[in-house]
2 protein chains.
Amino acid sequence: MDERGLIRAISTILPGGATADDCAVLPHGGELLLLSTDMLHETTDFPVGMTDAEIGWMAAAVTISDIAGMGARPLALLLAAGLDRPERLAGITEGAARCCRTYDASLVGGDTDAHTELTLVSTGLGAAEQVVRRRGARVGDLVCVTGYLGGAQAALSGYDDCWQRLIAPQPRVAEGIALNAAGATAMMDISDGLAMSLHDLLGVNECGFAVESDRLPRPAGVPEAEGRAFAISGGGDFELLFTIPPEKFPVAGVEATAIGRVVAERGVWADGAPLPAEGYMHRWE
Amino acid sequence: MDERGLIRAISTILPGGATADDCAVLPHGGELLLLSTDMLHETTDFPVGMTDAEIGWMAAAVTISDIAGMGARPLALLLAAGLDRPERLAGITEGAARCCRTYDASLVGGDTDAHTELTLVSTGLGAAEQVVRRRGARVGDLVCVTGYLGGAQAALSGYDDCWQRLIAPQPRVAEGIALNAAGATAMMDISDGLAMSLHDLLGVNECGFAVESDRLPRPAGVPEAEGRAFAISGGGDFELLFTIPPEKFPVAGVEATAIGRVVAERGVWADGAPLPAEGYMHRWE
């Protein structure tokens with residue numbers, strides 16, 4: 001069973017819609033509060049060669065990216081650390097705190113425990129007047145992405161110029177807030193790769209998504225065909241995928257590319273052919 | 001290095017006071033938001049023989065207890081699960097959701113991953129107009145505990161009548177809110193045992209704490225001397241330890257016992273002798 005299968009299985013237990021978005025959204029005190037939690041393990045989530053501070057940054061960044069993916073501002077973060085060696089905590093905490101400060105959030109606490117494998121769980125609190133959900137795409141909207149795609153996968157494939165892209169993800173907080181204000185109709189972060197994310201949108205919308213592969217913003221220094229493959233299925237980019245009416249795009253201050261359209265026909269399409277849901281997934285074999 | 005040593009080590013990195021209480025407290029929108037996260041592992045935190053639903057309940061309860069320990073109401077909980085077997089998630093989620101419902105909170109989401117050892121991280125959001133912190137005890141206040149102490153340790157020591165006490169902790173949410181309203185001056189939950197918790201209070205207050213061991217509410221069915229030892233040093237009880245001016249005690253609707261006094265002399269005292277900080281602690285050897 002893969003992670004998405006598990007999420008479907010437990011969605012019957014959780015309140016309505018709790019598993020449909022990057023964050024849980026709670027109306028509270030006249031605004032919306034957002035909560036998101038991410039569990040990361042050394043062997044599966046942190047590329048070999050990362051420093052403890054880089055690991056801490058990444059743990060914070062993936063959760064802040066979930067908040068950015070709904071167009072909200074991050075407020076605070078907690079970090080629970082299962083430590084194989086206790087002396088790693090200082091570096092991890094320093095990196096996580098630095099990431100939080102970069103995005104005007106605070107690392108406010110956490111928990112520690114001994115563990116055979118380094119395990120980090122970051123939980124973020126965000127706030128917004130309104131959010132952009134995964135559901136909401138309308139036929140005729142543009143399909144767009146911020147920044148460029150495939151850089152993290154390129155680094156994993158040996159393109160060393162992309163290394164920082166892999167280990168120091170930069171959540172698109174300001175972009176998410178701007179896209180929210182500008183009228184994006186659906187949004188999420190692309191941590192698991194574009195193809196997978198488009199299928200996630202498909203699962204909660206009644207339309208389809210057609211992209212053109214030659215429009216995909218690709219990593220520099222990577223041959224075109226390979227870069228295109230990385231951009232379609234590579235994970236770890238933490239850019240935003242969003243839909244928006246054409247008349248509202250581009251959005252001031254947001255570096256983004258229109259890569260396709262929301263279409264009536266159900267499915268995910270690349271250059272007119274079905275695009276399978278391939279990319280990064282947790283999986284139990 | 002033990003967990004408290006680690007917390008001291010990282011307290012220089014986190015914002016002022018972030019590690020002094022059971023929860024992080026954030027002023028937001030005219031009220032206080034509380035955040036707490038707890039990491040639990042099967043081999044160290046869940047007694048053998050618990051069902052998955054009981055494990056889920058406990059993971060939720062320890063975090064709700066942290067919120068109760070500051071006199072706040074829990075709003076929402078997230079559960080990150082590192083699963084040794086994916087089929088365990090349904091039972092764990094069901095138990096956690098049931099615990100949340102019992103305390104008027106919602107299980108709103110989570111994350112899952114594969115893990116060699118079951119690892120659960122629950123993170124809770126609470127809210128309050130004001131909170132009771134660990135710091136605030138005043139000389140002359142009563143030292144009190146809710147319910148009784150030592151039941152969880154009694155179960156671990158073979159007193160089977162106490163088994164439910166061990167595996168199904170009942171966070172003192174209503175009691176915490178009532179004690180907050182009634183003017184408790186300092187409060188925390190006693191998850192690591194009374195002696196350890198009194199030393200935690202000692203660490204953030206300028207006074208001392210003197211308790212009388214024959215006043216400790218002990219588990220029924222356990223011989224007196226053994227029950228007293230369990231009550232002093234046993235962990236896992238999730239009762240509230242608080243200080244309160246004598247004229248404000250007892251508090252309507254709160255079953256609690258005065259076990260001692262806040263004194264001027266620095267230290268933790270039982271029957272006039274120093275009480276060492278012994279009890280449940282995570283420890284790296």
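In the annotation of an unreviewed UniProt entry, the entry for chain A reads Thiamine-monophosphate kinase, and the organism field reads Methanofollis formosanus. What UniProt records for chain A under Pathway (unreviewed entry) is the sentence "Cofactor biosynthesis; thiamine diphosphate biosynthesis; thiamine diphosphate from thiamine phosphate: step 1/1." Looking at chain A in UniProt, the text filed under Sequence similarities (unreviewed entry) is "Belongs to the thiamine-monophosphate kinase family."

**Q** Can you walk me through the domain arrangement of chain A in this structure?
**A** Frequently, the measure chosen for interface size is the accessible area that the parts lose on association. Residues and elements named next belong to chain A. Partitioning chain A into domains gives domain 1 (3-128) and domain 2 (142-274). Relative to domain 2, the C-alpha centre of domain 1 lies at a distance of 22 Å. On the domain 2 side, the residues contacting the 23 residues of domain 1 number 22 residues. Together domain 1 and domain 2 conceal approximately 1,800 Å² of surface at their shared face, both sides included; 60% is due to carbon and sulfur atoms. On the surface where domain 1 and domain 2 come into contact, there are six residue pairs in polar contact (both at pLDDT 80 or more). Among the secondary structure elements, those contributing two or more residues to the side of domain 1 that touches domain 2 are helix H3 (52-68) and strand E3 (73-83). Take the side of domain 1 that touches domain 2: its biggest share by element is nine residues, from H3. Here the residues of the side of domain 1 that touches domain 2 are counted per class, giving 14 nonpolar, four polar and five charged.

**Q** What exactly am I supposed to notice about the packing of aromatic side chains here?
**A** Each aromatic ring pair is described using two quantities: the centre-to-centre distance and the angle formed by the ring planes. Residue and element names in this part refer to chain A. Under the defined criterion, the tally for this structure stands at four aromatic pairs over all chains. Ring centres 6.3 Å apart and planes at 45° place the aromatic pair Phe242 and Phe249 in the tilted group. Like Phe249, Phe242 is buried. Above the plane of the ring of Tyr148 lies Arg165, whose end atom (NZ or CZ) is 4.0 Å from the centre.

**Q** Honestly, the sheet that holds strand E8 (residues 208-211) of chain B in this entry has me stumped. Any pointers?
**A** The strands making up a sheet are joined through hydrogen bonds of the backbone, oriented either antiparallel or parallel. All names here are of chain B. Ordered in space as E7-E9-E6-E10-E8-E11-E12, the seven strands form an open sheet in which the pairing is mixed. Looking at which strands have only one partner, the edges of the open sheet turn out to be strand E7 (186-189) and strand E12 (273-274). In the packing of helix H8 (residues 194-204) onto the sheet, the strands contacted are strand E6 (142-146), E7, E8, strand E9 (240-244), strand E10 (256-263) and strand E11 (267-270), and the crossing angle to E8 comes to about 155°.

**Q** What is the right way to look at the relation of the copies chain A and chain B in this model?
**A** Relating one copy of the chain to the other requires a rotation about an axis plus a shift along that axis. Rotating chain A by 180° about the axis while translating it 0.0 Å along that axis superimposes it on chain B, leaving an RMSD of 0.0 Å. Taken together, these values place the two copies in the relation of a two-fold axis. A share of 100% of interface residues in chain A that are also interface residues in chain B marks the association as one of identical surfaces.

**Q** How should I be thinking about the pattern of salt bridges in this particular structure?
**A** Side chains that carry opposite charge are capable of pairing whenever their charged atoms lie near each other. On inspection of all chains with the given rule, the structure shows 29 salt bridges over all chains. Arg165 of chain B is paired through a salt bridge with Asp237 of chain B; the nearest N and O atoms lie 3.4 Å apart. With Arg165 of chain B in helix H6 (residues 163-167) and Asp237 of chain B in the loop between helix H9 (224-233) and E9, this residue pair connects regions lying 72 residues apart in the sequence. Here the residues in one salt-bridge network are Arg165, Arg172, Glu175, Asp237 and Glu239 of chain A, joined through shared partners.

**Q** Looking at this structure, how should I read the pairing of E7 of chain B?
**A** Every other side chain in a regular strand lies on the same face of the sheet, so the side chains alternate between the two faces. All names here are of chain B. Alternating positions in E7 separate into two faces, Ala186 and Met188 on one and Met187 and Asp189 on the other, with burial throughout. Here E7 pairs with E9 via four bridges, running antiparallel. The residue bridging Met187 from the neighbouring strand is Phe242, located in E9.

**Q** Quick question: what am I supposed to make of the interface of chain A and chain B here?
**A** Between chain A and chain B, the contact holds 51 residues from the first and 51 residues from the second. Overall, the association of chain A and chain B removes approximately 4,500 Å² of surface from exposure, summing both partners, and the carbon and sulfur fraction of that is 72%. For the pair chain A and chain B, the number of links is zero salt bridges. The tally of links from chain A across to chain B stands at eleven residue pairs in polar contact (both at pLDDT 80 or more).

**Q** Before we go on, may I ask you to explain the UniProt feature "binding site: Mg(2+) 3" (unreviewed entry) in chain A in this structure?
**A** All names here are of chain A. The sites that carry the UniProt feature "binding site: Mg(2+) 3" (unreviewed entry) are, in the present numbering, Asp22, Asp66 and Asp189. For the residues just named, distributed over 168 residues, the greatest C-alpha separation is only 7.8 Å, placing them together at one site. Assignment of secondary structure puts Asp66 in helix H3. Beyond its immediate stretch of four places on either side in the chain, Asp66 contacts Asp22, Cys23, Ser36, Asp38 and Asp189. Checked against the element boundaries, Asp189 lands in strand E7 (residues 186-189). When its relative accessible area of 2% is taken as the criterion, Asp189 is described as buried.

**Q** When you look at the side chain of Asn180 of chain B in this model, what are you seeing that I'm missing?
**A** Residue and element names in this part refer to chain B. Its place among the elements puts Asn180 in helix H7 (residues 173-182). For Asn180, a relative accessible area of 7% puts it in the buried group. Among the polar contacts listed, one links the side chain of Asn180 to the backbone oxygen of Gly71, at a separation of 3.0 Å. Once you skip the residues sitting within four places of it in the chain, Asn180 turns out to touch Met70, Gly71, Gln130, Val131 and Val132.

**Q** Mind showing me how you'd approach helix H4 (residues 89-102) of chain A here?
**A** Given 3.6 residues per turn, any residue in an α-helix points the same way as the ones three and four places further on. Relative to the 20 Å expected for 14 residues at 1.5 Å per residue, H4 of chain A spans 20 Å between its end C-alpha atoms, a close match to the ideal helical length. Turning to H4 of chain A, its buried residues are Leu89, Ile92, Thr93, Gly95, Ala96, Ala97, Cys99 and Cys100 of chain A.

Rules of the game
- Residues numbered from 1 in each chain as written.
- Chains lettered and ligands numbered in written order.
- Predicted model: local features only at pLDDT ≥ 70, side-chain atom pairs only at ≥ 80, totals over all residues.
- Heavy atoms only, no water.
- UniProt positions renumbered as here; feature names shortened; annotations may be inferred.
- Domains from an automatic or database assignment.
- Contact = heavy atoms within 4.5 Å.
- Buried area = accessible area lost by both parts, 1.4 Å probe.
- Polar contact = N/O pair within 3.5 Å; in protein donor to acceptor, adjacent residues only side chain to side chain.
- Helix = DSSP H or I, 4+ residues; strand = E, 2+ residues; numbered from the N terminus.
- Nonpolar A, V, L, I, M, F, W, Y, C, P; charged D, E, K, R; others polar.
- Phe/Tyr/Trp six-rings, centres within 6.5 Å; stacked < 30°, edge-to-face > 60°.
- Buried < 20%, exposed > 50% of the residue type's maximum accessible area, 1.4 Å probe, protein only.
- Lys NZ or Arg CZ within 6 Å of the ring centre and 35° of its normal.
- Pairing = 2+ DSSP bridges.
- Axes fitted to C-alpha atoms, helices over the stretch in contact; angles between N-to-C directions.
- Least-squares fit on C-alpha atoms with pLDDT ≥ 70 in both.
- Salt bridge = Lys/Arg side-chain N within 4 Å of Asp/Glu carboxyl O.
- Expected span 1.5 Å × (residues − 1).

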